[in-house]
Amino acid sequence: MNVKTFGVIGAGQMGGGIAQVAATSGLSVILHDISQEFVDRGLVAISANLQRGVDKGKMSLEEKKAILSRITPSTNLLSMQAADFVVEAASENEEIKFKIFAQLDEICPGRAILASNTSSIPIGRIASRTRRPEKVIGMHFMNPVPVMKLVEVIRALPTTDETYDITIQLVEKMGKTPAEARDYPGFLANRILLPMINEAIFCLYQGVGNRDAIDSVMKLGMNHPMGPLALADLIGLDTCLAILNTLHQGLGDPKYRPCPLLRQYVEAGWLGRKTGRGFYSY
């Protein structure tokens, strides 16, 4: 199948980034969210990202305009009738994703592939909410999407070779590097990353070190570009908690138990950069 029209569900940080790289690769993009305000906010962020490329001489103003012209905003899910391939980038919440996939299954043409940008929820669980499980796949982009080169591609048990091959071709068309992961909670990236972040939070919680010391150890001692607490703020502490809950419940191992301090921050509404306060203030 030749994918020409690419749908994105969710115009937030991840969805907007996915829409940007898809449009930059030449695809026609339908960017959907539940309100015009959210869609407009996503388009403003995409335009600002592209303008930075213009200011740095990496693209012309005409190229920026051409990319934006390939993105069609939408607040009506029925617009996905025109899509050949749809990526869902909604909140990391099972019930929300289950509902979206059930709706997409009704709306999208039979040839369309339905992908999820979930960072932890098993794809087979999502695929079972549709009548086309063989055309459901995980397509987990890294944040920030326009910068990060990796995309995890996750096959559920029913996912066909054709669906997988088309997804790999799309990832490469967008200038990304695919990495195949098996369909277990957290896949590869977050099964490795989130326990590290959680342990850093435990170190803070237990007074092993303060925030700056913890992040400095990982940046200067382990050569990480960003400390784990700053990275948690970038990801969103609510998202970190959701992923850890999925790991803990799905794998049943106490080593994935979320730190009580993380839960406390989320309950207080301190979610990181998106709310202006997490382990750091913004």
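These numbers come from a predicted model, not from an experiment.

(A) Seen up close, the overall build of the protein. What the protein contains, in helices and strands, is eleven helices and eight strands. Its C-alpha atoms give the protein a radius of gyration of 19 Å, within 12% of the compact-globule value 19 Å for 282 residues. With the C-alpha coordinates aligned to their principal axes, the bounding extent of the protein is approximately 55 × 45 × 30 Å. Across the 282 residues that make up the protein, the buried fraction comes to 49%. Within the protein, residue pairs in contact and separated by at least 24 positions form 66% of the contacts whose partners lie at least 6 positions apart. Surface accessibility of the protein: about 13100 Å² in total, with carbon and sulfur atoms responsible for 53%. Charged side chains of the protein number 30 positive and 28 negative; the gap between the two group centres comes to 3 Å.

(B) The arrangement of the nonpolar core in detail. With 36 residues, the main nonpolar core has Phe-6, Ile-18, Phe-85, Met-139, Phe-141, Leu-170 and Met-174 as its most contacted residues. With six residues, helix H1 (residues 13–24) is the largest single contributor of residues to this core. Among all residues touching Ile-18, those that are not within four sequence positions of it are Phe-6, Val-8, Val-87, Ala-89, Asn-117, Phe-141 and Val-145. Counting 26 residues, the second largest nonpolar core, distinct from the first, contains Ile-214, Ala-232, Leu-234 and Phe-279.

(C) Local environment of the sheet that holds strand S8 (residues 177–181). Ordered by their spatial adjacency, eight strands build an open sheet running S3-S2-S1-S4-S5-S6-S7-S8, and the pairing between neighbours is mixed. Each end of this open sheet is capped by a strand with a single partner; those strands are strand S3 (71–74) and S8. On average, each strand axis in the sheet is inclined to that of its neighbour by 25 degrees, with strand direction left out of account. On the sheet, helix H2 (residues 36–55) packs against strand S2 (28–32) and S3 and is oriented at approximately 155 degrees with respect to S3.

(D) Seen up close, the UniProt feature "site: Important for catalytic activity" (unreviewed entry) in the protein. UniProt's feature table lists "site: Important for catalytic activity" (unreviewed entry) at His-140, given in the numbering used throughout. Following the sequence through the fold, His-140 ends up in strand S6 (residues 136–141). Classification of His-140 by relative accessible area gives buried; the value is 6%. Contact partners of His-140, with chain neighbours within four places excluded, come to Ser-116, Asn-117, Thr-118, Ser-119, Leu-150, Val-151, Glu-152, Ile-154, Ala-189 and Asn-190.

(E) Highlighting the pattern of salt bridges. One pass over the structure, following the stated rule, counts twelve salt bridges. A salt bridge links Arg-132 to Asp-105; its shortest N-O distance comes to 2.8 Å. Remark: Asp-105 occurs in helix H4 (residues 94–107) and Arg-132 occurs in the loop between helix H5 (123–127) and S6; sequence separation between them is 27 residues. Note on Arg-132: relative accessible area 6%, which makes it buried.

(F) Geometry of the pairing of strand S5 (residues 113–116). Residue alternation in S5 divides its side chains into two sets, Ile-113 and Ala-115 and Leu-114 and Ser-116, and both sets are buried. Pairing analysis gives four bridges linking strand S4 (residues 85–88) to S5, with the strands arranged parallel. Its bridge partner lying in S5, Glu-88 is registered against Ser-116. In this view, the connection linking S4 to its parallel neighbour S5 by way of H4 has right-handed handedness. Inspection of the sheet shows S5 paired to S6 by three bridges, in the parallel sense.

(G) Spotlight on unusual backbone geometry. Omega for the bond connecting Asn-143 with Pro-144 falls within 30 degrees of zero, at 0 degrees, which places this linkage in the cis form. The residue Phe-187 is not glycine, and still its phi comes out positive at about 55 degrees. By the element assignment, Phe-187 lies in the loop between S8 and helix H7 (189–205).

The rules behind each value
- Starting from 1, residues in each chain are numbered consecutively following that chain's sequence as written.
- Only residues with pLDDT of 70 or above have their local features reported here, since the model is predicted, and side-chain atom pairs are shown and tallied only from 80 upward, although totals for entire chains, interfaces and linings are computed over all residues.
- To obtain the side-chain values, all non-hydrogen atoms of the structure were used and water was disregarded.
- The numbering of helices and of strands both runs from the N terminus, where a helix is a DSSP run of H or I of at least 4 residues and a strand a run of E of at least 2.
- Between the two quantities, the radius of gyration covers C-alpha atoms and the globule rule is 2.2 Å times the number of residues to the power 0.38.
- Using a 1.4 Å probe on the protein chains alone, a residue whose accessible area is under 20% of its type maximum counts as buried, one over 50% counts as exposed, and one in between counts as partly exposed.
- When checking whether two residues touch, look at their non-hydrogen atoms; a contact exists if any pair is within 4.5 Å.
- The Shrake-Rupley method, run with a 1.4 Å probe, gives the accessible areas here. Residue values count only the displayed protein chains as cover.
- Positive charges come from Lys and Arg, negative ones from Asp and Glu, while His and the chain ends are left out of the count.
- All charge positions are set by atom: Lys at NZ, Arg at CZ, Asp at CG, Glu at CD.
- Residues grouped as a nonpolar core are buried Ala, Val, Leu, Ile, Met, Phe, Trp, Tyr and Cys residues, joined through side-chain atoms within 4.5 Å.
- If DSSP finds at least two bridges between two strands, the strands pair.
- Only the contacting stretch of a helix is used when fitting its axis, a line to C-alpha atoms as for every element, and angles between N-to-C directions run 0 to 180 degrees.
- UniProt positions are given in the numbering used here, feature names are shortened, and annotations may be inferred rather than shown by experiment.
- Think of a salt bridge as a Lys or Arg side-chain nitrogen and an Asp or Glu carboxyl oxygen that are within 4 Å of each other.
- Look down the strands so they point away from you; if going from the first strand over the helix to the second traces a clockwise path, that crossover is right-handed.

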